[in-house]
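The primary structure of each chain is shown beneath.
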Amino acid sequence: MTALGVALGVERLLGLRGEAVAPGTHTPEALLDPAYAVERMVEIGTTFVGARGDS
C-alpha cells in the first residue's frame, strides 16, 4: 500500500495524470483523486470493509 501511494503521488507530481503541479509542499490528499486511488488499490487486491452503521 505504501509503494502504491508513493507511485500515485509521483505519477501526479510528474504530470502523468492531470495538470502539472506547482512547486511546493503537497499532501497526498491534495494531489490525488480519492476515486482513482481506490480504483488502483482494488487492482492490487485491497479489500474495503464498511464499518458498522455505515450506509
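Reference entry: report on the structure contained in this document. Not measured: the values here are computed from a predicted model.

Across the interface, helix H1 (residues 2–13) lies against helix H3 (residues 34–43) with an axial gap of 11 Å and an inter-helix angle of 135 degrees. Relative to H3, the element H1 is oriented oblique. Between H1 and H3 the crossing geometry is right-handed. Seen from H1, the contacting residues are Leu4, Leu8 and Glu11; seen from H3, they are Tyr36, Ala37, Arg40 and Met41. Considered class by class, the residues forming the contact of H1 with H3 number five nonpolar, no polar and two charged.

Moving on, we get to H1. If you check H1, its first and last C-alpha atoms are 16 Å apart, about what twelve residues at 1.5 Å a residue would give, namely 16 Å. Listed as buried for H1 are Leu4, Leu8, Gly9, Glu11 and Arg12. The buried residues of H1 occupy an angular sector of 160 degrees when projected down its axis, which confines them to one face. Across from the buried face of H1, at angles greater than 90 degrees, the exposed residues are Thr2, Ala3 and Val6. If you follow the buried residues of H1, they end up packed against helix H2 (28–31) and H3.

A few words now on the nonpolar core. The biggest cluster of nonpolar side chains holds seven residues, and these are Leu4, Leu8, Leu31, Leu32, Tyr36, Ala37 and Met41. Listed by contribution, the elements that provide at least two residues to this core are H1 and H3. With three residues, the single largest contributor to this core is H3. In this view, Leu4 contacts Arg40, Met41 and Ile44; residues no more than four positions away in its chain are not counted.

Procedures and definitions
Positions within a chain are numbered from 1, following the residues in the order the chain's sequence is written. In keeping with the model being predicted, local features are shown solely for residues with a pLDDT of at least 70 and side-chain atom pairs are shown and tallied solely at 80 or more, while totals for entire chains, interfaces and linings include all residues. The basis for the side-chain values is all heavy atoms of the structure; hydrogens and waters are excluded. Only the stretch in contact is used when fitting a helix axis, every axis being a line fitted to C-alpha atoms; angles between N-to-C directions are given from 0 to 180 degrees. In DSSP terms, a helix is any run of H or I states spanning at least four residues, a strand is any run of E spanning at least two, and both are numbered starting from the N terminus. With respect to orientation, any angle under 35 degrees is reported as roughly parallel, any angle over 145 as roughly antiparallel, any angle of 65 to 115 as roughly perpendicular, and every other angle as oblique. By convention the crossing between two helices is left-handed if the near helix lies anticlockwise of the far one by an angle smaller than a right angle, and right-handed if it lies clockwise. Any two residues having at least one pair of non-hydrogen atoms within 4.5 Å are treated as being in contact. Any residue outside Ala, Val, Leu, Ile, Met, Phe, Trp, Tyr, Cys, Pro, Asp, Glu, Lys and Arg is labelled polar, Gly included; the first ten of those are nonpolar and the last four are charged. To estimate how far a helix should reach, multiply one less than its number of residues by 1.5 Å. Summary of the burial criterion: residues with accessible area below 20% of their type's maximum are buried, those above 50% are exposed, and those between are partly exposed, where the area comes from a 1.4 Å probe applied to protein chains only. When we speak of the arc, we mean the arc of directions from the helix axis to the C-beta atoms. Buried residues of nine kinds, namely Ala, Val, Leu, Ile, Met, Phe, Trp, Tyr and Cys, make up a nonpolar core once their side-chain atoms join them within 4.5 Å.

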